[in-house]
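Chain residues, written in single-letter form:
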Amino acid sequence: MKKPLILVTNDDGIAAPGLRALVEVARAFGEVVVVAPDSPQSAQGHAITIAEPLRLNKVEVFEDFDAWECSGTPVDCVKLARHVVLKDRVPDLCLSGINHGSNASINILYSGTLSAAMEASLEGIPSVGFSLLDYGWDADFTAARHYAARIVEWVLAHGLDGCKLLNVNVPKLPLSQIKGLRVCRQAEGRWVEDFMEARDPRGEPYYWLTGRFECNDDGEDTDVGALMRGYVSVVPSGHDLTVHAAIPALKAMEKSIVHTPANQ
Ligand code: MN
């Protein structure tokens, strides 16, 4: 049987320990190609680079398979992987991460990790974004690696019918203390921003974004709730942000806001 082709990327950059952990998982299942940013690109969301050139360099980071570093965003990496590095070969699976830090709840909107997975899924490639709830560069990826392997095995065997990608988050716990895995919905939440203001050496003000994540939607059916209770959370995700249930009631707008010719 032909080995699956697995594209691995991330947003923390090619040097991140989380990428190495995910590569270790992927290599057990197929032929691995890595295309990752040459510098940290967290919170780039679905940004793409269109006003400046992109650089793509082959790097000898991993011993026995090809890796490229790219000067752009995580989504740039996936686009370059697809159209330049792999040319006519379509990956069977795209894995992104393992991110250093949570991408649960609405963090999927800001996350470069999940946007990379989403970009691959827009191309019809089953994709999974993995994140560990530990921002440390020295984070222990043992549990995340274990669950990532089981999830990759499952997705390769079953595909991803009914959704485009999976958003997987792993609690910051030793493997022995993780209770299992929960398939859940994305919790509602928000970042409460706090801009620190300071002065640069020329006396001009500058601002540094800080904040805290606020979430009251932490029932057992949510990713935040599952993580709090010691489970790995798996959220089936997609690209369609339409709130379909709101369409019938909002149809009243069609009759209320009538067409007026521009010259009247
Ligand atoms: Mn990151």
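Here we summarise the structure given alongside this text.

What counts and what doesn't
Residues numbered from 1 in each chain as written. Predicted model: local features only at pLDDT ≥ 70, side-chain atom pairs only at ≥ 80, totals over all residues. Heavy atoms only, no water. Helix = DSSP H or I, 4+ residues; strand = E, 2+ residues; numbered from the N terminus. Rg over C-alpha atoms; globule rule 2.2 N^0.38 Å. Buried < 20%, exposed > 50% of the residue type's maximum accessible area, 1.4 Å probe, protein only. Contact = heavy atoms within 4.5 Å. Areas by Shrake-Rupley, 256 points an atom, 1.4 Å probe, with all protein chains shown as cover. Salt bridge = Lys/Arg side-chain N within 4 Å of Asp/Glu carboxyl O. Axes fitted to C-alpha atoms, helices over the stretch in contact; angles between N-to-C directions. Parallel < 35°, antiparallel > 145°, perpendicular 65-115°, else oblique. Left-handed = near helix turned anticlockwise from the far one by under 90°. Nonpolar A, V, L, I, M, F, W, Y, C, P; charged D, E, K, R; others polar. Donors = N, O, S within 2.8 Å, 3.2 Å for Na, K, Ca; no water. Core = buried A, V, L, I, M, F, W, Y, C linked by side-chain atoms within 4.5 Å. Polar contact = N/O pair within 3.5 Å; in protein donor to acceptor, adjacent residues only side chain to side chain.

1. Section: the overall build of the protein
Here's step 1: Within the protein, the regular secondary structure consists of seven helices and 11 strands.
Here's step 2: Over its C-alpha trace the protein gives a radius of gyration of 20 Å, about what one expects of a compact globule, namely 18 Å for 264 residues.
Here's step 3: Projected onto the principal axes, the alpha-carbon positions of the protein cover approximately 70 × 50 × 40 Å.
Here's step 4: With 264 residues in all, the protein has 46% of them scored as buried.
Here's step 5: Of the contacts formed within the protein by residues at least 6 apart in sequence, a portion of 75% connects residues at least 24 apart.
Here's step 6: For the protein, the accessible area works out to roughly 14600 Å², and carbon and sulfur atoms hold 53% of it.

2. Looking at the pattern of salt bridges
Here's step 1: Within this structure, the stated rule accounts for 14 salt bridges.
Here's step 2: Across the pair Arg 89 and Glu 31 runs a salt bridge, and its minimum N-O distance is 2.8 Å. Of the two residues, Arg 89 sits in the loop between α2 (74–85) and β5 (93–100) while Glu 31 sits in strand β2 (residues 31–37), which places them 58 residues apart along the sequence.
Here's step 3: Of the residues examined, Glu 31 reaches a relative accessible area of 33% and is grouped as partly exposed.
Here's step 4: Note that Glu 214 is salt-bridged to Arg 212, the shortest N-O span being 3.3 Å.
Here's step 5: Counted as one network, the salt bridges with shared partners bring together Glu 24, Arg 27 and Asp 64.

3. Brief notes about helix α1 (residues 17–26)
Here's step 1: Counting buried positions along α1 yields seven of 10 residues, so the element is predominantly enclosed.
Here's step 2: Listed in full, the buried residues belonging to α1 are Gly 18, Leu 19, Ala 21, Leu 22, Val 23, Val 25 and Ala 26.

4. Notes on the packing of α1 against helix α4 (residues 142–158)
Here's step 1: One way to put it is that α1 packs onto α4 with a least axis distance of 9 Å and a crossing angle of 40°. With respect to each other, α1 and α4 are oriented oblique. Taken as a pair, α1 and α4 cross one another with a handedness that is right-handed. Where α1 abuts α4, its residues Ala 21, Leu 22, Glu 24 and Val 25 lie against Arg 145, Ala 148, Ala 149 and Val 152.
Here's step 2: Its residues assigned to classes, the contact of α1 with α4 shows six nonpolar, no polar and two charged.

5. Re the coordination of the manganese ion
Here's step 1: Coordination of the manganese ion by the protein comes from Asp 11 (OD), Asp 12 (OD), Ser 42 (OG) and Asn 99 (OD1), over a distance range of 2.1 to 2.2 Å.
Here's step 2: All donor residues of the manganese ion come from one chain, and their arrangement in sequence is D-D-x29-S-x56-N. Taken together, the positions of Ser 42 in the loop between β2 and β3 (56–59) and Asn 99 in strand β5 put the pair 57 residues apart, joining distant regions of the chain.
Here's step 3: Among the residues examined, Asn 99 registers a relative accessible area of 5% and is labelled buried.

6. Description of the nonpolar core
Nonpolar side chains in soluble globular proteins tend to end up buried together.
Here's step 1: Ranked by size, the top nonpolar core spans 40 residues in total, and within it Val 8, Val 34, Leu 95, Phe 130, Leu 166 and Val 168 carry the most contacts.
Here's step 2: Secondary structure elements with two or more residues in this core: β1 (5–9), α1, β2, β5, β6 (127–132), α4, β7 (165–170) and β11 (231–237).
Here's step 3: For this core, the leading source of residues is α4, giving eight residues.
Here's step 4: Non-local contacts of Leu 166, meaning those with residues more than four positions away in its chain, are made with Leu 114, Ser 127, Val 128, Gly 129, Ile 151, Val 155, Leu 160, Val 234, Val 235 and Pro 236.
Here's step 5: Residues Leu 7, Val 33, Ala 81 and Leu 86 belong to the second largest nonpolar core, which totals 16 residues.

7. Details of the environment of Ser 39
Here's step 1: Topologically, Ser 39 is positioned in the loop between β2 and β3.
Here's step 2: Relative accessible area serves as the criterion here: at 28%, Ser 39 is assigned to the partly exposed category.
Here's step 3: Each C-alpha atom of the pair Ser 39 and Cys 70 lies 8.5 Å from the other, and the pair is 31 residues apart in sequence.
Here's step 4: Apart from the residues within four sequence positions on either side, Ser 39 is in contact with Asp 11 and Gly 13.
Here's step 5: There is a polar contact of 3.3 Å between the side chain of Ser 39 and the side chain of Gln 41.

8. Some details on the packing of α2 against helix α3 (residues 112–122)
Here's step 1: Where α2 contacts α3, the two axes come as close as 8 Å, and the packing angle between them is 30°. Put simply, α2 runs roughly parallel to α3. Taken as a pair, α2 and α3 cross one another with a handedness that is right-handed. The residues of α3 that touch α2, namely those facing Pro 74, Val 75, Val 78 and Lys 79, are Gly 112, Ser 115, Ala 116, Glu 119 and Ala 120.
Here's step 2: Grouping the amino acids of the contact of α2 with α3 by side-chain chemistry returns five nonpolar, two polar and two charged.

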